[in-house]
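Understanding the architecture of this molecule
So you can see what is in the structure, the chains are spelled out below.
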Amino acid sequence: MPYRFDPAGENPDLLPLAARRALDRAGRRLSRVSWQSLSLDVRRELIELGEEAVVDVGAVLALTNLATPLPDEIEPIPDPPPDRVPDEIPLSLGPARRLSLGTWSSLGPLDRYALAKIAEKGRTDRAAEAYAEIIGHTAVSTHLGASGGARMVGVGEKPVTVRTATGRSVVTMSESAFRKLQSADVGKGDVLGAARIAGILAAKRTPELIPLCHHVALTRVSVDLELDATTWSVRILATAEAVDRTGVEMEALVAASVAALTVYDMLKSSDRGMVIGPTELVRKSGGRTGDFER
């Protein structure tokens, strides 16, 4: 998808930023004549390679060898690191345009490259246009892009690690409803069994329920329910585990929440005044932010 602020975006005779990124990663320089000597299909391929999270350097080298004259060879230029905002970018953007490290690291590699490349040229007018298109509302929300458009946070560069999280919820009810639950005298059947299955199924469908959540490779989900006769309540503990690039806090919390809702549904004929909550994260491990324990 071409950038609106990039003059080459709609002009196939010019070299767009995505193609420039592909060339930089491969250590190649193409003159305008060399670029225009390539077929439109080859140019599109180079653009698509530059849009990928990880550039296929071998493919870029093979395609640029089709150019006439041949490209110049340079030292490969790495992508701007996600854990540090290059010094020239805040200077280019000016004090009115916020760019936190969290927002910067949430951007995709091409977006970071585009901002860095424009800042490198010292074009403050173009920097303002790039900020509006790439950052937009992500200055305050990593999930909302320019003009309020939604975007999924990029996690392609994060390492694949073991991620775990545990969430809990509580359903508090009347004594009569609790006694029915305790004695398994509920017309709808096995309340705790139904809640356990509902929680596990919900964890697997978290990306369908929570906007812009990533699909993660869940390796384990457990939902445990415990009756507390002192408070007439059901305590729910849900644990999710995955080997992936992003955490499973939402999977654990969704599992606990849906299990709690299922308890309510199964018992609402006995007590419509039941209270759900608090629902909270108990602990999580793995990932860049480290471990958390409530």
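In short, a report on the structure.

Rules used in this analysis
- Residues numbered from 1 in each chain as written.
- Predicted model: local features only at pLDDT ≥ 70, side-chain atom pairs only at ≥ 80, totals over all residues.
- Heavy atoms only, no water.
- Helix = DSSP H or I, 4+ residues; strand = E, 2+ residues; numbered from the N terminus.
- Buried < 20%, exposed > 50% of the residue type's maximum accessible area, 1.4 Å probe, protein only.
- Polar contact = N/O pair within 3.5 Å; in protein donor to acceptor, adjacent residues only side chain to side chain.
- Contact = heavy atoms within 4.5 Å.
- Core = buried A, V, L, I, M, F, W, Y, C linked by side-chain atoms within 4.5 Å.
- Axes fitted to C-alpha atoms, helices over the stretch in contact; angles between N-to-C directions.
- Left-handed = near helix turned anticlockwise from the far one by under 90°.
- Nonpolar A, V, L, I, M, F, W, Y, C, P; charged D, E, K, R; others polar.
- Patch = residues over 30% accessible without salt bridge, like charges linked within 9 Å, V, L, I, M, F, W, Y side chains within 5 Å.
- Areas by Shrake-Rupley, 256 points an atom, 1.4 Å probe, with all protein chains shown as cover.
- Salt bridge = Lys/Arg side-chain N within 4 Å of Asp/Glu carboxyl O.
- Lys, Arg positive; Asp, Glu negative; His and termini not counted.
- Charge placed at Lys NZ, Arg CZ, Asp CG, Glu CD.
- Expected span 1.5 Å × (residues − 1).

1. Re the side chain of Thr103
With respect to the helices, strands and loops of the structure, Thr103 is situated in helix α6 (residues 101-106). Given a relative accessible area of 3%, Thr103 falls into the buried group. Within polar-contact distance, the side chain of Thr103 engages the side chain of Ser100 at 3.1 Å.

2. Structural notes on the side chain of Ser169
As for its placement among the helices and strands, Ser169 is situated in strand β3 (residues 161-172). With relative accessibility at 1%, the residue Ser169 sits in the buried group. At 2.8 Å, the side chain of Ser169 forms a polar contact with the side chain of Thr279. Not counting the four nearest positions on each side in its chain, Ser169 is found in contact with Val234, Arg235, Ile236, Ala256, Ala260, Ile276, Gly277, Pro278 and Thr279.

3. Concerning the nonpolar core
Ranked by size, the top nonpolar core spans 24 residues in total, and within it Met173, Leu225, Val234, Ile236, Val263 and Leu267 carry the most contacts. For this core, the leading source of residues is helix α12 (residues 249-267), giving 7 residues. The contacts of Val263, once residues within four sequence positions are left out, are Val171, Met173, Val191, Ala195, Leu225, Val234 and Met274. Counting residues in each nonpolar core, the second largest holds 22 residues, with Ile89, Leu99, Ala127 and Tyr131 among its members.

4. Looking at unusual backbone geometry
Following Thr68, the chain continues to Pro69 via a peptide bond in cis, the omega torsion being -5°. By the secondary structure assignment, Pro69 is in the loop between α4 (57-64) and β2 (72-73). The omega torsion of the bond from Gly277 to Pro278 falls at 5°, within 30 degrees of zero and hence cis. For Pro278, the location among the structural elements is in the loop between β6 (275-276) and β7 (280-285). Phi at Trp232 takes a positive value of approximately 55°, unusual for a residue other than glycine. On the basis of relative accessibility, which here comes to 31%, the residue Trp232 falls in the partly exposed class.

5. Focus on the packing of helix α10 (residues 191-204) against α12
It is the contact of α10 with α12, at a shortest axis distance of 7 Å, that shows an interaxial angle of 145°. In terms of crossing hand, the pair formed by α10 and α12 is right-handed. Within the contact between the two elements, α10 uses Val191, Ala194, Ala195, Ala198, Gly199, Ala202 and Ala203 and α12 uses Glu251, Val254, Ala255, Val258, Ala259, Thr262, Val263, Met266 and Leu267. Considered class by class, the residues forming the contact of α10 with α12 number 13 nonpolar, 2 polar and 1 charged.

6. Points about a negative patch on the surface
Residues Glu45, Glu48, Glu51, Glu52 and Asp56 make up a contiguous surface patch of negative charge. Examined against the element boundaries, Glu48 turns out to sit in helix α3 (residues 40-51).

7. Details of the pattern of salt bridges
Scanning all chains against the criterion turns up 14 salt bridges. Linking Lys117 and Asp24 is a salt bridge whose minimum nitrogen-to-oxygen distance equals 3.3 Å. Highlighted residues: Lys117 in helix α7 (residues 109-121) and Asp24 in helix α1 (residues 17-26), separated in sequence by 93 residues. No difference in accessibility class separates Lys117 from Asp24, as the two residues are buried. Residues joined by salt bridges that share partners form a network here, namely Asp24, Arg29, Lys117 and Glu120.

8. Here's the deal with helix α8 (residues 124-135)
In this model α8 runs 15 Å from its N-terminal to its C-terminal C-alpha over 12 residues, within 8% of the 16 Å that 1.5 Å per residue would give. What α8 keeps buried is the set Ala127, Ala130, Tyr131, Glu133, Ile134 and Ile135. Elements in contact with the buried residues of α8: α5 (88-93), α6 and α7.

9. Here we look at the environment of Gly273
Within the element layout of this structure, Gly273 appears in the loop between α12 and β6. Between the alpha carbons of Gly273 and Ser174 there is a distance of 7.9 Å; along the sequence they are 99 residues apart.

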